[in-house]
Amino acid sequence: MQTIQTIIGYLYYAIAAVIGIVIVANFVRSRDVRKMLLYAIVLSPFVLRVLRVK
Amino acid sequence: MVKSGINVRLGRRAFLALAVMLIAIATSGTCAQPPAGMEIPENLPKLEGPVAITTIGQAPGAMQIGLLLKQLGVTNYVDTEENPLSADQLVGKGYKVLILHMGTSLKGMGAAGVDLNSEIARCNALVAEARKQKMFIIGAQIEGLKRRTDDSDERSNKAVTAVSDLLLIRAEIDHDKYFTNIAKDKKIPLIRTKEALDFRYALAVLFGKN
Amino acid sequence: MADSKGNSLVIKIVVVALWLALIIPGGRQLAAHRNYEEAVVLGPGVTEVKKLSDWAPYVANTPNDCSIYVLDSGVPGGSMLVIGGTHPEEPAGVLSAVTIVENVVPTTGKIYVAVRANRSASTVTRPGDAYPQFFNINTDFGKRTFRMGDRWSNPLDSWPDPEVYVHYPSKQLLAYMDVRNLNRTWPGRPDGMITERTTRAFIDMIKAENIDIFVDNHEAELEYSVISTIVAHQAAADVAAMASMMLSAGEFNMGMEFSPTLLHGLSHREVGDHTDAYAFEIEVPEPFLDRVRGITDEALLLEGKDEFVMRAGQAGLLYEKIDENGWNIHERVGRTNSTIDMIVQMFAMFYPDKPITYESLPMRNDIVANGLGHYLLDPAQAEADRVVYE
Ligand SMILES: [Zn+2]
């Protein structure tokens, strides 16, 4: 039971990291200032979670 | 140095000493003055046990009254949430008095609320059986304003007051004279107490334990 | 809207710089809160400080391996466990537990105290709801700083939540986030999520130590009907009913409620059902928790004054009175302590073979007169081995 939870937990961190990378990639490709700001804001919770801050 | 619990407390809180005295007085059977704010009407019936107690709406007040009666040495039965008092439970037990407490419980804590319709049906069935056995019916409310907050409480009040031979309530729930007016209309005695603990004095008077 | 390539790079650098300027200080604040070491000074009655994992190895090395303060009189008698911090956004419950640890000297029986029953939930707040991160209590020597927390365990310690939380062992379906609510996971299981493991650890401890009285300290919003009340398991109902009547007649209004038999996961239900302890929950009013509140800050948390909650009261929407004096922390901690004391007194009346007596528990009148801070000890003045960090 606990092992399954731990595995699922790590998978969620992996998912968060992948989404974070995709957002960063979008940010890098973006040429629109508003979109850049949007990507930066959206990125925040993923970074904070992967770094285990919030 | 180990002191006894009571000695430690007495210095710190006079009221507990008072309460301990109250218990002693109530159980020894002498009590001269009614507590502050309580008027004892004349022509009260002389009641005796055993007593059956339930709350129409499942609030814990029934149990509080049962505890006070127990301290007075009056035999009583208080029902439980799993097994609420039913009319057939009144048969063959020799109960002389039925106390119907008013107030609804379990509104919070995410629980499904009490089904008031079935509670009122239970109340009516209890009253029918009690009348058959010539039991005396007291409508009581010991928990105060806490159980006079919403429509469910009002329905419990209405169902119980309609069938009571005497009302014993906390004065604070009579702020709109709801209970005073019913007692007047029905020409039944009304006893109002300031505190829940004062019920002990009123019950002592009613059951001849004073 | 497309910029030239060079222009775009400059803008990106500016955006990244802006983002870092927000995320670094913000992240550091969050980390500082999560890692803050909250001092608890061992009072003259504390004979031992244990860890919850001493009874339940399955919570070792987790954020919820909280300290268990043992106050042993050495004289045989009853035993009591008081837990604060089930919901760390209810500070009176935590502070009540702290005043017991720092003041009480037992004379018969044994008292166990957990100040941070759900330590994980005390390492996260609700920035989105403008919760303060810390709160300070003024004392005779300066300020004592405590972590403000949340109702639920930190997602960093319990993630993800299930789609639906199936309570163990009743199989009752509860809200998904309540798998992190310490008052929905009793009696818990040793291989469950962290909050379930924590409650199970307490159950194992209660059984191992033959706890007689279990008290769970809480606060409630005035919009909620379970307020200014003792919630009691049916086995403990006699004691709670007498305590309620005595307190209401002598000191302040305190009602009682039966623990609902069909609602699972609550401490007063499951501790009563799964152990021999008599289970009580105390709820005092905390206007900070009301949804109609105005400015949400440390002042509201500690002084409990809010014009909007007052307006709701005038409109008859609340289950407890409130006026311009509010519900300050002294009153709330004081009422919690006086209620615990009355439960102990009434328990002794019903079960004289299991006495628990003690001295120096600060009561409601003491705390209101002298201030809560008067009953908190100075960690700087205490010997190093008499200070524990939660
Ligand atoms: Zn709570």
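Everything numeric in this text was worked out from a predicted model, so none of it was measured.

J.: Outline the overall build of chain A, listing residues and values.
T.: What chain A contains, in helices and strands, is two helices and zero strands. Here the C-alpha atoms of chain A give a radius of gyration of 14 Å, more than 25% beyond the 10 Å that 2.2 N^0.38 yields for 54 residues. Relative to its 54 residues, chain A shows a buried fraction of 30%.

J.: Explain the coordination of the zinc ion to me, using residue names and the numbers behind them.
T.: All names here are of chain C. Protein coordination at the zinc ion comes from H87 (ND1), E90 (OE), E90 (OE) and H218 (ND1), with a distance range of 2.0 to 2.4 Å. For the zinc ion, the four donor atoms in the first shell make angles of 57 to 153° at the metal, a pattern classed as irregular. Taking relative accessible area as the criterion, H87 reaches 3% and is therefore assigned buried. Residue classification places E90 among the buried residues on the basis of a relative accessible area of 2%.

J.: Tell me about the packing of aromatic side chains, and please be specific about residues and values.
T.: All names here are of chain C. Considering all chains together, one arrives at 13 aromatic pairs over all chains under this definition. For the ring pair Y131 and F288, a centre distance of 5.0 Å and an interplane angle of 65° mean the geometry is edge-to-face. On the criterion of sequence distance, the pair formed by Y131 in the loop between strand 6 (110-114) and strand 7 (134-139) and F288 in the loop between strand 14 (278-285) and helix 6 (298-303) is long-range, its members being 157 residues apart. One Lys or Arg, R151, reaches over the ring of W152 and ends 6.0 Å from the middle of that ring.

J.: Can you tell me about the domain arrangement of chain C, naming the residues and giving the values?
T.: Residue and element names in this part refer to chain C. Assigned domains within chain C: domain 1 (1-35) and domain 2 (41-389). Using C-alpha coordinates to define each centre, domain 1 is positioned 41 Å away from domain 2. With five residues of domain 1 at the interface, the matching set in domain 2 holds 12 residues. In total, domain 1 and domain 2 occlude about 660 Å² of area from one another, counting both sides; carbon and sulfur atoms represent 49% of this. One can count one salt bridge joining domain 1 with domain 2. In this structure, the salt-bridge partner of R34 is D157, at a minimum N-O distance of 3.0 Å. Linking domain 1 to domain 2 there are six residue pairs in polar contact (both at pLDDT 80 or more).

J.: Let's hear about the pairing of strand 11 (residues 213-220) of chain C: which residues, and what values?
T.: All names here are of chain C. Of all eight residues that make up strand 11, eight are buried, and the element is covered over most of its length. Burial along strand 11 is two-sided: I213, V215, N217 and E219 facing one way and F214, D216, H218 and A220 facing the other are all buried. Here strand 4 (residues 79-83) pairs with strand 11 via four bridges, running parallel. Among the inter-strand pairings, L81 is bridged to a residue of strand 11, identified as F214.

J.: Tell me about the pattern of salt bridges, residues and numbers included.
T.: Residues and elements named next belong to chain C. Following the criterion strictly, the structure yields 32 salt bridges over all chains and no others. Across the salt bridge formed by R126 and E89, the nearest N and O atoms sit 3.1 Å from each other. Placement of R126 in the loop between strand 6 and strand 7 and of E89 in the loop between strand 4 and helix 2 (91-103) is noted, with a sequence separation of 37 residues between them. Among the residues examined, E89 registers a relative accessible area of 4% and is labelled buried. Taking the shortest distance from any N to any O, the salt bridge between R144 and E102 comes out at 2.8 Å. One end of the pair, R144, is in strand 8 (residues 142-147); the other, E102, is in helix 2, with 42 residues separating them in the sequence. Exposure remark for R144: the relative accessible area of 4% places this residue in the buried category. Relative accessible area serves as the criterion here: at 1%, E102 is assigned to the buried category.

J.: Give a description of the interface of chain A and chain C that names residues and reports values.
T.: Facing the 26 residues of chain A at the interface are 28 residues of chain C. When the two sides are added together, the surface that chain A and chain C hide from each other amounts to roughly 2500 Å², 67% of it contributed by carbon and sulfur. Run the count over chain A and chain C and you get zero salt bridges. There are five residue pairs in polar contact (both at pLDDT 80 or more) connecting chain A and chain C. When contributions to the side of chain A that touches chain C are tallied by element, the ones reaching two or more residues are helix 1 (2-29) and helix 2 (33-50) of chain A. Here the side of chain A that touches chain C is composed, by residue class, of 15 nonpolar, five polar and six charged.

J.: Residue-level account of a nonpolar patch on the surface, with values.
T.: A cluster of nonpolar side chains, namely I4, I7, I8, L11, Y12, I15 and I19 of chain A, defines an oily patch on the protein surface of about 610 Å² accessible area. On the secondary structure map, L11 of chain A appears in helix 1.

J.: How would you explain the sheet that holds strand 5 (residues 166-170) of chain B if you had to name every residue and give the values?
T.: Strand pairing in a sheet relies on backbone hydrogen bonds. The paired strands run either parallel or antiparallel. Residues and elements named next belong to chain B. Strand order in the open sheet made by the six strands is 2-1-3-4-5-6, with parallel pairing throughout. On the outer flanks of this sheet lie strand 2 (76-78) and strand 6 (190-193), each paired with one strand and no other. Pairs of neighbouring strands in the sheet enclose a mean axial angle of 20°, with direction left out of account. As defined by bridge partners, strand 1 (residues 51-56) adjoins strand 3 (residues 97-102) across six bridges and the pair is classed as parallel. Bridging from a neighbouring strand, V51 pairs with V97 of strand 3.

Conventions adopted
- Residues numbered from 1 in each chain as written.
- Chains lettered and ligands numbered in written order.
- Predicted model: local features only at pLDDT ≥ 70, side-chain atom pairs only at ≥ 80, totals over all residues.
- Heavy atoms only, no water.
- Helix = DSSP H or I, 4+ residues; strand = E, 2+ residues; numbered from the N terminus.
- Rg over C-alpha atoms; globule rule 2.2 N^0.38 Å.
- Buried < 20%, exposed > 50% of the residue type's maximum accessible area, 1.4 Å probe, protein only.
- Donors = N, O, S within 2.8 Å, 3.2 Å for Na, K, Ca; no water.
- Tetrahedral: all angles 85-135°; square planar, octahedral: opposite > 155°, others 65-115°.
- Phe/Tyr/Trp six-rings, centres within 6.5 Å; stacked < 30°, edge-to-face > 60°.
- Lys NZ or Arg CZ within 6 Å of the ring centre and 35° of its normal.
- Domains from an automatic or database assignment.
- Contact = heavy atoms within 4.5 Å.
- Buried area = accessible area lost by both parts, 1.4 Å probe.
- Salt bridge = Lys/Arg side-chain N within 4 Å of Asp/Glu carboxyl O.
- Polar contact = N/O pair within 3.5 Å; in protein donor to acceptor, adjacent residues only side chain to side chain.
- Pairing = 2+ DSSP bridges.
- Nonpolar A, V, L, I, M, F, W, Y, C, P; charged D, E, K, R; others polar.
- Patch = residues over 30% accessible without salt bridge, like charges linked within 9 Å, V, L, I, M, F, W, Y side chains within 5 Å.
- Areas by Shrake-Rupley, 256 points an atom, 1.4 Å probe, with all protein chains shown as cover.
- Axes fitted to C-alpha atoms, helices over the stretch in contact; angles between N-to-C directions.

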